[in-house]
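# Notes for the structure review
Here are the chains, one letter per residue:
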Amino acid sequence: MRVITGSARGRRLETLEGVDVRPTADRIKEAVFSIIQFQTEGRVFLDLFAGSGQMGIEALSRGAKQAYFIDNSKKSVEAVRRNLKTTRLEQNARVVQADFRSFLAMNALRADIAFLDPPYRTGALQEALSLVPACMNETGVIIAENPLDEALAEQYGAFVLDRQYRYGKIKITTYRHKDYLA
């Protein structure tokens, strides 16, 4: 796994191994950043189920002002920190080991882009989608990665389904504030 483009382009990232780990595939990562290519620079990126941190690191490499990496796994948080050090992007990163519910409840964060890729079929995605709109700027975008057969609602808070993209057995869904749909 590597950083695709930007200041850390080509740098290798450490991945975690195990049955509970499912890194976002490179083609999915490229697709996500194609969707938000003109919305990343100078923005605040929330990588809510960070894993190795590859999505937030990609955002920082592409000029995001700040990235928050949230994961409840100690091993994941340690991997994020090592990857940030390798890419020299630690300065604009905030790494937090916490359950997503706790983080969202106790934080005054205002994100422009939120990327959610929790373990599949656990209900965590739907729960996170119901909580994340409260920490989003109205002009922001929420991006969810999930399997095709996992249902998502048309609206979460003031954020409504914008588009869905299919990549094999994976679906990328974007939500935008109802007052800012294109």
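Refer to the structure presented above.
Residues numbered from 1 in each chain as written. Predicted model: local features only at pLDDT ≥ 70, side-chain atom pairs only at ≥ 80, totals over all residues. Heavy atoms only, no water.

### A short note on the pattern of salt bridges
Rules: The working definition used for a salt bridge is a side-chain nitrogen of Lys or Arg within 4 Å of a carboxyl oxygen of Asp or Glu. Think of it this way: any DSSP run of H or I at least four residues long counts as a helix, any run of E at least two long counts as a strand, and we number them from the N terminus. Relative accessibility thresholds used throughout: buried, under 20% of the residue-type maximum; exposed, over 50%; partly exposed, between the two (1.4 Å probe, protein chains only).
The full count for this structure, using the stated rule, is seven salt bridges. A salt bridge links Arg101 to Glu127; the shortest N-O distance between them is 2.7 Å. One end of the pair, Arg101, is in helix 4 (residues 100–106); the other, Glu127, is in helix 5 (residues 124–131), and 26 residues separate them in sequence. Note on Arg101: relative accessible area 36%, which makes it partly exposed. Judged by its relative accessible area of 31%, Glu127 is partly exposed. Each of Lys29, Glu58 and Arg62 takes part in one network of salt bridges that share partners.

### Structural notes on the packing of aromatic side chains
Here is the rule: Ring pairs are drawn from Phe, Tyr and Trp, using the six-membered ring of Trp, whenever the two centres fall within 6.5 Å, and their geometry is named by plane angle: stacked under 30 degrees, edge-to-face over 60, tilted for the rest.
Following the criterion strictly, the structure yields four aromatic pairs and no others. Pairing Phe33 with Phe45 gives two aromatic rings, centres 6.1 Å apart and planes at 15°, and the pair type is stacked. Of the two residues, Phe33 is situated in helix 1 (residues 26–35) and Phe45 in strand 1 (residues 44–47); the sequence distance between them amounts to 12 residues. Of the two residues, Phe33 and Phe45, neither departs from the other in class, the shared state being buried. Aromatic pair Phe49 and Phe100: ring centres 5.0 Å apart, planes at 55°, arrangement tilted. Of this pair, Phe49 sits in the loop between strand 1 and helix 2 (54–61) while Phe100 sits in helix 4, and the two are 51 residues apart along the sequence. Using a relative accessible area of 17% as the deciding quantity, one classes Phe49 as buried. Residue Phe100 is classed as buried on the basis of its relative accessible area of 6%.

Honestly, that's just the spatial picture; any functional story needs more than this.
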